[in-house]
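Topology and contacts: notes
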Amino acid sequence: MKKILNEIEKWVKKNKGKVCFIGSFCAFDKKGEVKDDRIIGYGDKECIKLSLKEIDTFLKKDKEDFINW
């Protein structure tokens, strides 16, 4: 997770903070239960809301059980 957050920090700096993103990361144990999770977000609140709305639209359209956008 530290490497992911470091890369995000570099991306934000490279774009002078003019970015918006959300992310959710989960790790599972051998039984398939969540052992660690984290939700992150950065940017203008309205941009975050719009992104979440778009994700919801994609989820409703996608018929697969596993998603890899």
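Please refer to the structure higher up on the page.
As a starting point, this report considers the structure included with it. Predicted model only: the values in this text are computed from it and were never measured.

Scoring rules and cut-offs
- Position numbers for residues start from 1 in each chain and track the written sequence from start to end.
- Reporting in this predicted model follows two pLDDT cut-offs: at least 70 for local features of residues, and 80 or more for side-chain atom pairs to be given and counted; totals over whole chains, interfaces and linings ignore these cut-offs and use all residues.
- Each side-chain value is derived from all of the structure's non-hydrogen atoms; neither hydrogens nor water enter the calculation.
- By the criteria applied, helices consist of DSSP H or I runs no shorter than four residues and strands consist of E runs no shorter than two, each listed in order from the N terminus.
- What the globule rule says is 2.2 Å times the number of residues to the power 0.38, and the radius of gyration is computed from C-alpha atoms.
- Only protein chains enter the calculation, and the probe is 1.4 Å; a residue is then buried if its accessible area is under 20% of its type maximum, exposed if over 50%, and partly exposed in between.
- A residue counts as positive if it is Lys or Arg and as negative if it is Asp or Glu; His and the chain ends are not included.
- Note on charges: their place is set at NZ of Lys, CZ of Arg, CG of Asp or CD of Glu.
- Pairs of cysteine sulfur atoms within 2.5 Å are what we label disulfides.
- We call a set of buried residues a nonpolar core when its members are Ala, Val, Leu, Ile, Met, Phe, Trp, Tyr or Cys and they connect through side-chain atoms within 4.5 Å of each other.
- Residue contacts follow a heavy-atom distance rule, with two residues in contact if any of their heavy atoms lie within 4.5 Å.
- Every helix has an expected span of 1.5 Å times one less than the residues it contains.
- Pairs of N or O atoms within 3.5 Å make up the polar contacts considered here, provided that, within protein, one atom can donate a hydrogen while the other can accept it, and that residues adjacent in sequence are counted only when both atoms are side-chain atoms.

Turning to the overall build of the protein, a few remarks are in order. Helix and strand counts for the protein stand at 2 helices and 2 strands. Here the C-alpha radius of gyration of the protein, 15 Å, is well above what a compact globule of 69 residues would show, namely 11 Å. The buried share among the 69 residues of the protein stands at 10%. Looking at charge distribution, the protein has the averaged site of its 17 positive side-chain charges lying 7 Å from that of its 13 negative ones.

Next up on the list: the state of the cysteines. Scanning all chains against the criterion turns up 1 disulfide. The side chain of C20 participates in a disulfide bridge whose partner is C47; the two sulfur atoms lie 2.4 Å from each other. Because the sign of the S-S torsion sets the handedness, a value of about -120 degrees for the bond joining C20 and C47 places this disulfide among the left-handed ones. Of this pair, C20 sits in the loop between α1 (2-14) and β1 (21-28) while C47 sits in helix α2 (residues 45-61), and the two are 27 residues apart along the sequence. A relative accessible area of 28% means that C47 is categorised as partly exposed.

Below, the discussion takes up the nonpolar core. Within the largest apolar cluster, 5 residues are counted, these being I8, V12, V19, F21 and I40. Apart from the residues within four sequence positions on either side, V12 is in contact with G17, V19, F21 and Y42.

Turning next to α2. The terminal C-alpha atoms of α2 lie 25 Å apart, and with 17 residues this matches the ideal 24 Å at 1.5 Å per residue to within 8%. Of the residues flanking the start of α2, the one acting as N-cap is D44, its side-chain oxygen 3.1 Å from the backbone nitrogen of E46.

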